[in-house]
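What follows is each chain in one-letter form.
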Amino acid sequence: MRAPRFWYNHPSKRSFVSTLLSPLGLLYGMSTARRLSKSTVTKAGVPVLCVGNLNVGGTGKTPTVIALTEIAKAQGAKPVILSRGYGGSMKGPVVVNELNHRADQTGDEPLLLAAFATTIVCKNRAIGIKVAETYYPDIIILDDGFQDPSVGKTKSLIVVDAENGFGNGLCLPAGPLREPVANGLLRADALLSIGDATAQKKFAQTWGNKINCKQMTAEINPLPTGMNWSEGSYIAFAGIGHPDKFFKTLQNLGANLLHTEALEDHAIISLKFLKRLESLANEVGAQLVTTEKDVVRLPKNFRRNVLTLPVRLGLSHSNSLKEFFETAMRQ
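In this text the structure is predicted, and so the values were computed from the model without any measurement.

For the rest of this paragraph, the subject is the packing of aromatic side chains. Per the counting criterion, the structure on display carries 5 aromatic pairs. Aromatic pair Phe 237 and Phe 273: ring centres 6.0 Å apart, planes at 80°, arrangement edge-to-face. Separated by 36 residues along the polypeptide, Phe 237 in strand β10 (residues 233-238) and Phe 273 in helix α9 (residues 271-284) bring together distant segments of the chain.

In C-alpha cells form, the structure reads like this:
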C-alpha cells in the first residue's frame, strides 16, 4: 500500500482524516512505548550500531548502512550486517548469498547489502546477534531495529528523508511514524537527514526545534559509472519508498524518460509486468532502467535486459559519519 498523501501534510496543516485517526495514532505510539519498556535485552560482545528510522517507508537506511560498512572496512574493521529481511520468507538465521538466494527468500535489501559485507537475515534479532558474533566481527551494523528492544545498541542513528521529514508528526495510521518524534529522538544518539540543500532547509524550518540530539546531513548521489544518460531514451520503474526521487535523479542526469512505473516499496515484480515493459520499450526504442534494490528482485535471466543506476551517500558528508562510527567503536 502506498503511503496516503495526508501523512505528509505539514504538521500545522493536518487533514481532517489525520485528525480523525489521531486517537488511533496515539494508541499506536503508546503501544510502542510499552513494548520498549518490557523486553529482555540481548547484549553483544562487540559494538552494535543501529541504523533505524521513526517513519515507515524509505528514508535512506540502505545507503547509510552501505556507507558505514565502507567506513568500517576502510579503517580495517570487520563489519557484519544483521537484518530481519523484510519481504523475505526465511526466518533464519541465514547468511545471505547473493548468488544462491532470491529476494523473496531473504528480502531485497539484504541481497544488496551482502555484496558489501557478511549479511545475516534473522526474524528474531536477539538470535541474529548471537549468530553474527560467531563470524568474529569488530562491529555489528543493525539494519533497522530501532524500535526492537530485544537487542542492546551501542549507538543508534536515526535516518530521515529531509524532503518529507516526519510527515504530519502523527503515528500510524494517522501519520507515517512508528513512535512520536520526541520519544524516538530521546533514545537516539544522532540524526542523519538526507536530501539536497532545499530539502535540508525545509526540514530545518519544520523540525529544527524538535531535534535534541546530534544532527548530520547527507545527500544521496548517483555513483559515477561512465554512463552517458543523455544518450537514448528510457523506461524507468522502481519499487522503493519514493520512486519519484529515482525518476527525478535520472532526469537530472539528462535521461529522456518516455515512461515511468512507480511500484509499492518491496513490490513483487512479476514476469508478466516485465514483459509488458519490455514490449513497450521495444516499441518506442527505449532501454529499461531501475534501482539497485529493485534489480535483485528480477528473475536472473531478465536482469541483463535492465540497466541499473547505483547511488551512494555523498562523500562530502562522510567525515561526520566517520566520527559517529568511531565513537561507536570506542564504546
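Read on, since the account is not over.
The subject of this paragraph is the pattern of salt bridges. Summed over the entire model, instances satisfying the criterion amount to 16 salt bridges. Measuring nitrogen to oxygen at the nearest pair gives 3.1 Å for the salt bridge that ties Glu 70 to Lys 73. With Glu 70 and Lys 73 both in helix α2 (residues 61-74) and 3 residues apart, this pair spans about one turn of that helix. Of the charged contacts in the structure, one is a salt bridge between Arg 125 and Asp 148, with a shortest N-O distance of 2.9 Å. Here Arg 125, found in helix α5 (residues 125-133), pairs with Asp 148, found in the loop between β5 (139-143) and β6 (155-161); they are 23 residues apart in sequence, far enough to count as distant. No difference in accessibility class separates Arg 125 from Asp 148, as the two residues are buried. Several salt bridges share partner residues, and in doing so they unite Asp 108, Asp 294 and Arg 297 into one network.

So, on to the sheet that holds strand β3 (residues 94-95). As summarised here, the arrangement of the 8 strands in space is β3-β4-β2-β5-β1-β6-β7-β8, forming an open sheet in which the pairing is mixed. Looking at which strands have only one partner, the edges of the open sheet turn out to be β3 and β8 (214-218). Taken together, the 5 bridges between strand β7 (residues 190-194) and β8 define a ladder with parallel strand orientation. Residue pairing across strands places Leu 192 opposite Met 216, the latter belonging to β8.

Reading the values: rules and limits
- All chains use their own residue numbering, which begins from 1 and follows the written sequence.
- Note on the predicted model: pLDDT of at least 70 is required for a residue's local features to be given, and 80 or more for side-chain atom pairs to be given and counted; whole-chain, interface and lining totals, by contrast, use all residues.
- Note that water and hydrogens are dropped before the side-chain values are worked out from all heavy atoms of the structure.
- Note on ring pairs: Phe, Tyr and Trp rings are taken, using the six-membered ring of Trp, and paired if centres are within 6.5 Å. Classes follow the plane angle, with under 30 degrees stacked, over 60 edge-to-face and the rest tilted.
- We count a stretch as a helix when DSSP gives it H or I for four or more residues in a row; a strand needs E for two or more, and each element gets its number in order from the N terminus.
- Take a side-chain nitrogen of Lys or Arg and a carboxyl oxygen of Asp or Glu: if they are within 4 Å of each other, that pair is a salt bridge.
- Only protein chains enter the calculation, and the probe is 1.4 Å; a residue is then buried if its accessible area is under 20% of its type maximum, exposed if over 50%, and partly exposed in between.
- Two strands pair under a simple rule: DSSP has to find at least two bridges between them.

Without other data, these values stay purely geometric and don't point to any function.
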